[in-house]
Each structure stands twice: as C-alpha cells, then as structure tokens.
Amino acid sequence: MSLLKIDNLVKKYDDTEVLKNVSLEVSKGEVIVVLGPSGCGKSTLLRCINGLEEFSGGKISLDDKELGKDLSWRNARGKIGMVFQSYELFPHLNVIDNILLGPIKSQKRDKDEVLKEALKLLKRVNLSDKELAFPRQLSGGQKQRIAIVRALCLNPEIMLFDEVTAALDPEMVREVLDVILELAKSGMTMVIVTHEMNFAKEVADKIVFMDEGEIKEISNPKEFFENPKSERAKSFLNIFKY
Ligand code: ADP
C-alpha cells in the first residue's frame, strides 16, 4: 500500500490550471525526485501535499486517509515535514527553541523527551555546538540543516524538500545534500524538488518529470538520465548538459 497517494490533483490560479490531473503514489521508504523546468508546478505540488495551498480538484491520502476529510490538515501537517529554500527559521529564537516550538506547542509533547530527541538530531547533522546560536549567527548551510532538524523533530512520516539548496553558496550545498542522503539511507520517505542533477541521480528511487502542470514521465534514475522518453525531458536535460 502507498504511504502517500495523490489522485487527479488539479490546482488553478484564477482560470489557469497549474496542476492538471496529477496522480502519484509514494511507498514507505521511497525517495521521489521531482524534476522539471521552472514554473511547471513542482513547488505548487509540494505545497498542496502539505496543505499550504488549497487545490481545485482531486484528493491526497496519507496512509489511506484522505487529507482534509479522514485526517485533518492540522494533524496531517505533523506527519508531513517540509523544508523550504528560505529556511523559515524564527530570527528571534535560538536554534533549540526554533526546533522545540512545533513539538511542544502544536504537538503538546513532553519538553524533556523532545529536547533529548532534538539534541540527538543536532548531533546527527554535526551542529551540536550551535544549540544556543541565533539564526543570524549561522551560515546558510547551517541554517538549512537546522531547518531539516526542526522538521524531523516533529517525527514526520514523509519529508518534502523544496529546492533546499537553491539559495546556498556552492560550498555549502554538499553539506545539506549529505544530510538528505543520510536520511534516504535511514529509510525516510521523501519527495524532493531539486535542480542538482547528480544528487537526483544518487538519491532517487524514482524520477518524476513534470512539464506544464503535468507529470510527463516516471522512471528510474538510470533510465531517465540515460534514455529520457519525451522530447521535453531531453531538452530539459540538455540545459544541464547531462
Ligand atoms: P516550479 O516550482 O516548477 O517552478 P511553481 O509551482 O512555483 O513552479 O509555479 C507553477 C505555476 O503557478 C507558475 O506558472 C507560477 O507562475 C504559478 N503560480 C505560482 N504561485 C502562484 C500564485 N500565488 N498566484 C498565481 N500564480 C502562481
């Protein structure tokens, strides 16, 4: 059974359909990388899955429970972690308070238990020494690793990554991608939007190629990068000189 099931999702802004009957299934432990030209709807798809955008048609289910129906969006958000390009850390809170806020305020979990978990996660991303730092004192790569820890501390069943390295200086990209790779190896279910083609090839179980609001191809990475089916995918890969 799929952990995440998207059925004929339609999203319109005014009269423009930016997602046109998108259907996708993600199994537990699977890593999906969504590729496609700018403006094709990748970010909108992730935002719909996380309930940040209302959609115009179709349905999304997690663990066979329809979101917004069998499972409230509020409860779903605790199960679906999301990390953004722009970190979205609270500037007035230090690292540990940024991490603890969601689990304690929204999930009403025990502070000591969450703190233990948060410290373990900080160690996992090599940032134990930044527990009391404020976001302004961190590099972009460090901020993004904290944002990942913050999302993980909610114990999500699936993680969504929306171009999380796009705003980083090149030397910081790798440290963030390595954290995501390690998560993939640990069995985390993930949907990743990225323009890092080598990383996509390395981390993905499946590549989903989108264009103009539609899924055009779903294939394994080797097949997609070596022998893309559609002309659009071929020209997309040419841009990256792949
Ligand atoms: P991608 O992530 O693939 O670059 P997006 O999901 O950001 O694409 O955007 C898909 C389309 O939806 C684009 O044409 C974009 O201009 C449009 N769009 C995104 N957000 C809005 C919005 N808030 N209002 C109107 N149009 C939007």
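S.K.: What should I look at first to understand the pairing of strand β9 (residues 206–211) in this one?
M.R.: Residues in a regular strand project their side chains so that they alternate between the two faces of the sheet. Among the six residues that make up β9, five are buried, leaving the element largely enclosed by the rest of the structure. Pairing of strand β3 (residues 31–35) with β9 involves four bridges; the strand directions are parallel. Among the inter-strand pairings, L35 is bridged to a residue of β9, identified as F209. Linking β9 to strand β10 (residues 214–219), which pair antiparallel, is a turn of two residues; within it E212 sits at a positive phi near 50°.

S.K.: I keep staring at the site of the ligand and nothing clicks. Help me out?
M.R.: Lining the immediate environment of the ligand, one finds Y13, V18, P37, S38, G39, C40, G41, K42, S43 and T44. The contact in question runs from an oxygen atom of the ligand to an N or O atom on the backbone of G41, over 3.0 Å. K42 places a polar side-chain atom, nitrogen or oxygen, 2.8 Å from an oxygen atom of the ligand. Protein chains shield 55% of the accessible area of the ligand, which is 560 Å² for the free molecule. With three residues, the top contributor of residues to the shell around the ligand is helix α1 (residues 42–49). Grouping the amino acids of the shell around the ligand by side-chain chemistry returns four nonpolar, five polar and one charged.

S.K.: Explain the sheet that holds β3 to me, please; I cannot follow it from the model alone.
M.R.: By definition, the strands of a sheet pair up through backbone hydrogen bonds, in either a parallel or an antiparallel sense. Pairing is mixed in the open sheet, where six strands are placed in the order β6-β7-β8-β3-β9-β10. Single-partner strands in this sheet number two, and they are β6 (80–83) and β10. When the angles between neighbouring strand axes are averaged without regard to direction, this sheet yields 20°. Contacts from α1 reach β3, β6, β7 (158–162), β8 (189–193) and β9 within the one sheet, and its direction differs from that of β7 by about 150°. Packing of helix α5 (residues 140–152) onto the sheet brings it into contact with β6 and β7, and relative to β6 it is tilted by some 170°.

S.K.: For this particular structure, what's the right way to read the packing of aromatic side chains?
M.R.: To describe a pair of aromatic rings, you give the distance between the ring centres and the angle between the ring planes. Taken as a whole and judged by the stated rule, the model has four aromatic pairs. Consider the rings of F209 and F236, whose centres lie 5.4 Å apart with planes at 55°: the pair is tilted. Placement of the pair is F209 in strand β9 and F236 in helix α9 (residues 231–239), with a sequence separation of 27 residues. For F209, a relative accessible area of 0% translates into the label buried. With relative accessibility at 5%, the residue F236 sits in the buried group. Relative to F225, the ring of F224 has its centre 5.4 Å away and its plane inclined at 85°; by these criteria the two rings are edge-to-face. Pair check on accessibility: F224 and F225 agree, each one buried. Of the aromatic side chains, those joined through ring pairs into one cluster are F209, F224, F225 and F236.

S.K.: How should I be thinking about the sheet that holds strand β2 (residues 16–27) in this particular structure?
M.R.: Read from one edge of the open sheet, four strands run β2-β1-β4-β5, paired in antiparallel fashion. Two strands close off the open sheet at either side, each with one partner strand: β2 and β5 (65–66). Where strand β1 (residues 2–13) meets β2, eight bridges bridge the pair, whose relative direction is antiparallel. When the bridges of β2 are listed, I6 appears paired with L24.

S.K.: Is there a simple way to explain helix α4 (residues 111–124) in this structure?
M.R.: An α-helix turns once every 3.6 residues. As a result, residues three or four positions apart point the same way. Its 14 residues place the ends of α4 20 Å apart at the C-alpha level, agreeing with the 20 Å of an ideal helix rising 1.5 Å per residue. Listed in full, the buried residues belonging to α4 are V114, A118, L121 and L122. All buried residues of α4 lie within an arc of 100° about the axis, which places them on one face of the element. Facing away from the buried side of α4 by over 90 degrees, the exposed positions are D112, K116, K120 and K123. Looking at the buried positions of α4, the neighbouring elements they touch are α3 (95–106) and α5. Once α4 ends, the next one or two residues include N126, with phi positive near 60°.

How each quantity is defined
Residues numbered from 1 in each chain as written. Predicted model: local features only at pLDDT ≥ 70, side-chain atom pairs only at ≥ 80, totals over all residues. Heavy atoms only, no water. Buried < 20%, exposed > 50% of the residue type's maximum accessible area, 1.4 Å probe, protein only. Helix = DSSP H or I, 4+ residues; strand = E, 2+ residues; numbered from the N terminus. Pairing = 2+ DSSP bridges. Near = heavy atom within 4 Å. Polar contact = N/O pair within 3.5 Å; in protein donor to acceptor, adjacent residues only side chain to side chain. Areas by Shrake-Rupley, 256 points an atom, 1.4 Å probe, with all protein chains shown as cover. Nonpolar A, V, L, I, M, F, W, Y, C, P; charged D, E, K, R; others polar. Axes fitted to C-alpha atoms, helices over the stretch in contact; angles between N-to-C directions. Contact = heavy atoms within 4.5 Å. Phe/Tyr/Trp six-rings, centres within 6.5 Å; stacked < 30°, edge-to-face > 60°. Expected span 1.5 Å × (residues − 1). Arc of directions from axis to C-beta.

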